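The residues making up each chain are set out below.
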Amino acid sequence: MNRSATVVLFLVLNFALQFTNALAASTYNLPSSSLQDGPTLLAGQASNSTALDAFGISPVSIAGDGTYYVVLQAGQISFRAALDTGSADFWLTSTACTNSTCMSVPRYPLTYASPTFVSINNNETAFTIDYADGTGASGFVARETVEVANVTVANQAFGVVTNSNITLVSEVSGILGLGFSRQSEISASAVNATPFFSTLAQQGILDYPIFGLSLTRNETGTFALGAIDVSVVQNVSKVAWNEVVPFSPVGTQTNTSGYFYWAIRMSSFAVNGTQYTPQPTYPGPSDNTSIALLDVGTPGLYGPYQDVTRLYGSFPSSRLVDESGQWAIPCDSSATISFNFGDGTMFVLEPTDYIIGPAEGNPDLCLSWPKAAPPSADGVDWLLGTIVYGTPFLRTVYSIWSYGIDYQEPPMIGLYPRNNASAPVQPFSVVESSLSAAIATTLPNFVLSTPTYTTPSYAFNTSVPAVYGEIVQSELATSTYSPLMGTLAGNATELPQVTGAYTLFVTNSNGAVVTSTSHISQPSVTLGVPPGWSGAASRSVPGIGLVISMLITLAAGTWII
C-alpha cells in the first residue's frame with residue numbers, strides 16, 4: 001500500500017472511531033429501500049416525548065426460557081424487558097426486592113437519585129400484578145423517563161417491584177406490557193397513569209399508533225414502534241387485517257364497552273385442509289366464531305377441549321396424555337394445522353411449528369400444540385402465543401398491532417404470513433436432530449378420557465353491549481391522527497416504514513457484484529448501572545460495525561452501489 005493510501009485509510013478509521021463514540025448512546029438505522037408507496041423513515045428521527053411523528057426499531061432477542069425481550073432505558077439505565085401483549089403494565093425489579101428471584105437479574109437502583117424519577121404519593125401507591133400461571137409481582141407505582149426503540153416518553157408510570165415470585169432468566173429485569181388501558185393495574189390505581197403504548201398513542205407521539213413484531217428462532221427479530229419493518233413485510237397488500245373484539249365492562253368498572261385484549265375472531269381451523277367450525281364457550285347471538293387472544297407472552301398455543309378434541313381426531317393414533325390438556329401424536333406426522341380469522345386467508349402451521357418433541361420412553365410419539373384448556377370466564381377460547389422451543393403461531397407471521405383512533409377507527413391486528421402455504425411440508429423428523437433431547441414425560445399406559453367442566457359465569461357486564469367494530473370516543477389514540485385503517489381494506493401502503501436489515505451491493509476487484517445482508521443487533525450495554533457509576537461501559541451502536549466496514553471498503557478502493 002502506498003503512503004497516500006495509508007493516510008487515507010488512517011483518516012477513514014479515525015473518522016469511524018469518532019463516529020462510533022459520537023453515536024454510542026443511540027440506536028442507528030439506515031433508510032430502507034422499500035418498494036412500497038409509504039414513507040420510509042430513519043428510526044429515531046424524533047426521540048423525545050414532546051416531538052411528534054416519532055418511530056423506531058429495536059432488535060428482539062430470545063431469553064433462555066424462550067421469551068422475547070428488548071433492551072430499553074429507564075432513567076438512562078439499560079434493562080432487558082420481556083415483551084407481552086397479554087398484559088398492559090411495564091414493571092422492573094428494584095433493589096428493594098432481595099429474594100433470590102430478584103437478586104439474579106439487574107435491578108432498578110433505588111439508591112440512585114435519577115433526575116427523571118418522579119414519586120407518586122410518596123411511593124405508597126401499591127402495584128400488584130398477577131399472571132395466569134399463578135406467578136405475580138408487587139411493589140409501588142412511580143414515574144420515570146422510558147426509552148424503547150429510540151422513542152422516549154417522560155413521566156411514564158411503571159411498577160417498581162419490591163417482591164416477586166416470577167422466574168426471570170437471561171438478565172431480563174421485567175415485563176413491558178403492550179395491552180390496552182382497561183387491562184392495566186397501574187391505570188386503575190393512579191391518576192393519568194396510562195400504559196406505555198397507550199401513552200404513545202394518546203399523546204400522539206408516534207408517527208402512527210402501531211407497533212410491529214417479527215419473532216424468529218434466532219436473533220434476527222425486530223420490534224418496530226410507529227412503523228412496520230419492510231425488511232420482512234415486502235408486500236403490504238398480503239397483510240390480512242382483523243378488527244379487535246370489543247368487550248363489555250367488568251362489573252361497574254365503567255358504563256361503556258371498549259377494548260380489553262388484543263383478541264380477534266377465529267372463524268375456522270383445519271387439519272390438512274379439513275375445516276372445522278369453532279364451538280365457542282359463549283356463542284354470540286348471530287355466529288359461532290371463537291375469540292382468539294394473540295399473546296407474545298403465552299408459552300404456546302391453547303384451545304378449548306371441544307375444539308382441540310376434534311382437531312386431534314384428524315391425527316391417527318393421537319391421544320390425550322395428561323390432565324393439563326397435553327396431547328401426543330406420531331412424530332412422523334406431515335399434517336398441517338391452519339387457522340382462518342374471517343377473510344379467507346389460511347395461516348398454516350407445519351409439523352416443525354406445532355410439534356414440541358418426542359416423549360421420553362416413547363420416542364415414536366411427540367408432544368404437540370395446541371394444548372386443551374378449560375373454559376375461561378372472559379370468553380377467550382384460543383390463545384395463540386409464541387415460544388421458541390416448540391411453537392407456533394406468532395412466529396409464523398409478522399404481526400402489526402394498530403391501536404385504533406378515538407372517534408375514527410377501531411383497533412386492528414394485521415397478519416403477514418411468513419410460511420409459504422404452497423411449499424412442501426417439512427416433517428418434524430427432518431429437523432428433530434437439531435432439537436434438545438426427548439421431553440421427560442411418561443405417557444400413561446391407558447387412554448385418558450376427555451374431562452368435562454362447568455362453564456363459569458361470564459365475567460363481563462353484558463347489560464352494556466359491545467358491538468364488533470365499534471368506534472369508541474376515548475381510551476384509544478388521539479383523534480388528531482388521520483386514519484389509515486378505517487376499513488379492513490385500509491390504505492396500508494401509507495403506513496410508516498423502517499427496516500431491520502440492510503443489503504450491501506459491493507463490486508469487487510474482479511468486477512463481480514457481491515451482496516451481503518446484515519441485521520440490526522442488540523447494543524452492547526451494561527445492564528442496571530446508572531451513567532457514571534462504577535462498572536458503566538460505553539454502549540456500541542447496532543449496525544455501527546457495518547458503517548465502519550463500508551468506510552474501510554471505500555478506502556480500499558471498491559464501489560458500494
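Chemist: What am I meant to see in the overall build of the protein chain here?
Modeler: Assigned secondary structure in the protein chain consists of eight helices and 32 strands. A total of 561 residues make up the protein chain; the buried ones form 54% of that total. A separation of at least 24 residues holds for 71% of the contacts in the protein chain among residues at least 6 apart in sequence.

Chemist: Teacher, can you tell me more about the side chain of Thr 93 here?
Modeler: Topologically, Thr 93 is positioned in strand E4 (residues 90-93). Using a relative accessible area of 1% as the deciding quantity, one classes Thr 93 as buried. Leave out the neighbours within four places in its chain, and Thr 93 touches Cys 102, Val 105, Pro 106, Arg 107, Tyr 108, Val 161, Leu 168 and Ser 173.

Chemist: Help me understand the state of the cysteines in this model?
Modeler: Each disulfide consists of a covalent bond between the sulfur atoms of two cysteine residues. Counted by the stated rule, this structure contains two disulfides. Linked covalently through their sulfurs, Cys 97 and Cys 102 form a disulfide whose S-S length is 2.0 Å. Looking down the S-S bond of the Cys 97 and Cys 102 bridge, the torsion is 65°, so its handedness is right-handed. In terms of burial, Cys 97 and Cys 102 fall into one category: buried. Between Cys 331 and Cys 366 runs a disulfide, and the two sulfur atoms are separated by 2.0 Å. When the S-S torsion is 105°, as for the bridge of Cys 331 with Cys 366, the disulfide is right-handed. Here the residue Cys 331 occupies a position in the loop between strand E20 (327-330) and strand E21 (337-340), and Cys 366 occupies one in strand E24 (residues 362-368), the gap between them amounting to 35 residues. You can call Cys 331 buried: its relative accessible area is 8%. The connectivity of the disulfide-linked cysteines in the protein chain, indexed sequentially, is 1-2, 3-4.

Chemist: Teacher, can you tell me more about the sheet that holds strand E18 (residues 301-304) here?
Modeler: Strand-to-strand pairing in sheets goes through backbone hydrogen bonds, with the strands running parallel or antiparallel. The strand order E14-E17-E26-E18-E25 describes an open sheet built from five strands, whose pairing is mixed. The strands lining the two open edges of the sheet, one partner per strand, are strand E14 (263-266) and strand E25 (371-373). Neighbour-to-neighbour, the strand axes of this sheet turn through a mean angle of 35°, independent of strand direction. Bridging between E18 and E25 involves three bridges; their strand directions are parallel. Note on E25: the bridge partner recorded for Tyr 302 is Lys 371. Contacts from helix H5 (residues 305-312) reach strand E17 (290-294), E18, E25 and strand E26 (380-384) within the one sheet, and its direction differs from that of E18 by about 105°.

Chemist: What am I meant to see in the sheet that holds strand E22 (residues 346-349) here?
Modeler: Across the sheet, which stays open at both edges, the four strands sit in the order E16-E15-E21-E22 with antiparallel pairing between neighbours. In this open sheet, the two strands that pair with only one neighbour each are strand E16 (274-276) and E22. The average undirected angle you get between the axes of adjacent strands in this sheet is 25°. Of the pairings in the sheet, the one linking E21 to E22 comprises four bridges and is antiparallel in character. Bridge assignment links Ser 338 to a residue of E22, and that residue is Val 348. Relative to the sheet, H5 contacts strand E15 (268-271), E16 and E21, its axis offset from that of E15 by approximately 25°.

Chemist: What exactly am I supposed to notice about the environment of Glu 171 here?
Modeler: With respect to the helices and strands, Glu 171 occurs in the loop between strand E8 (151-164) and strand E9 (172-177). Placed 356 residues apart in sequence, Glu 171 and Leu 527 show a C-alpha to C-alpha distance of 8.1 Å. Filtering out sequence-adjacent residues up to four positions away, Glu 171 remains in contact with Arg 80, Val 105, Pro 106 and Leu 527.

Chemist: Help me understand H5 in this model?
Modeler: Along an α-helix, residues three or four positions apart point the same way, because every turn accommodates 3.6 residues. Of all the residues in H5, the buried ones are Tyr 305, Asp 307, Val 308, Leu 311 and Tyr 312. Across the axial projection of H5, the buried residues extend over an arc of 165°, all falling on one side.

Chemist: Honestly, the pairing of E4 in this entry has me stumped. Any pointers?
Modeler: For a regular strand, side-chain orientation follows a simple rule: the groups alternate between the two sheet faces. Residues of E4 alternate between two faces, with Phe 90 and Leu 92 on one and Trp 91 and Thr 93 on the opposite face, all of them buried. Pairing geometry for E4 and E9, over three bridges, is antiparallel. Considered in E9, the bridge of Phe 90 is made with Leu 176. As judged from the three bridges shared by E4 and E8, these two strands associate in the parallel manner. The residue bridging Trp 91 from the neighbouring strand is Gly 159, located in E8.

Chemist: Whenever I open this one, the environment of Val 148 confuses me. Can you help?
Modeler: When you line up the elements, Val 148 lands in strand E7 (residues 136-148). By relative accessible area, which is 0% here, Val 148 ends up buried. Sequence separation of Val 148 and Gly 56 is 92 residues, and the distance between their C-alpha atoms is 8.1 Å. Beyond its immediate stretch of four places on either side in the chain, Val 148 contacts Val 70, Leu 72, Leu 176, Phe 196, Phe 223 and Leu 225.

Cut-offs applied
Residues numbered from 1 in each chain as written. Predicted model: local features only at pLDDT ≥ 70, side-chain atom pairs only at ≥ 80, totals over all residues. Heavy atoms only, no water. Helix = DSSP H or I, 4+ residues; strand = E, 2+ residues; numbered from the N terminus. Buried < 20%, exposed > 50% of the residue type's maximum accessible area, 1.4 Å probe, protein only. Contact = heavy atoms within 4.5 Å. Disulfide = S-S within 2.5 Å. Pairing = 2+ DSSP bridges. Axes fitted to C-alpha atoms, helices over the stretch in contact; angles between N-to-C directions. Arc of directions from axis to C-beta.

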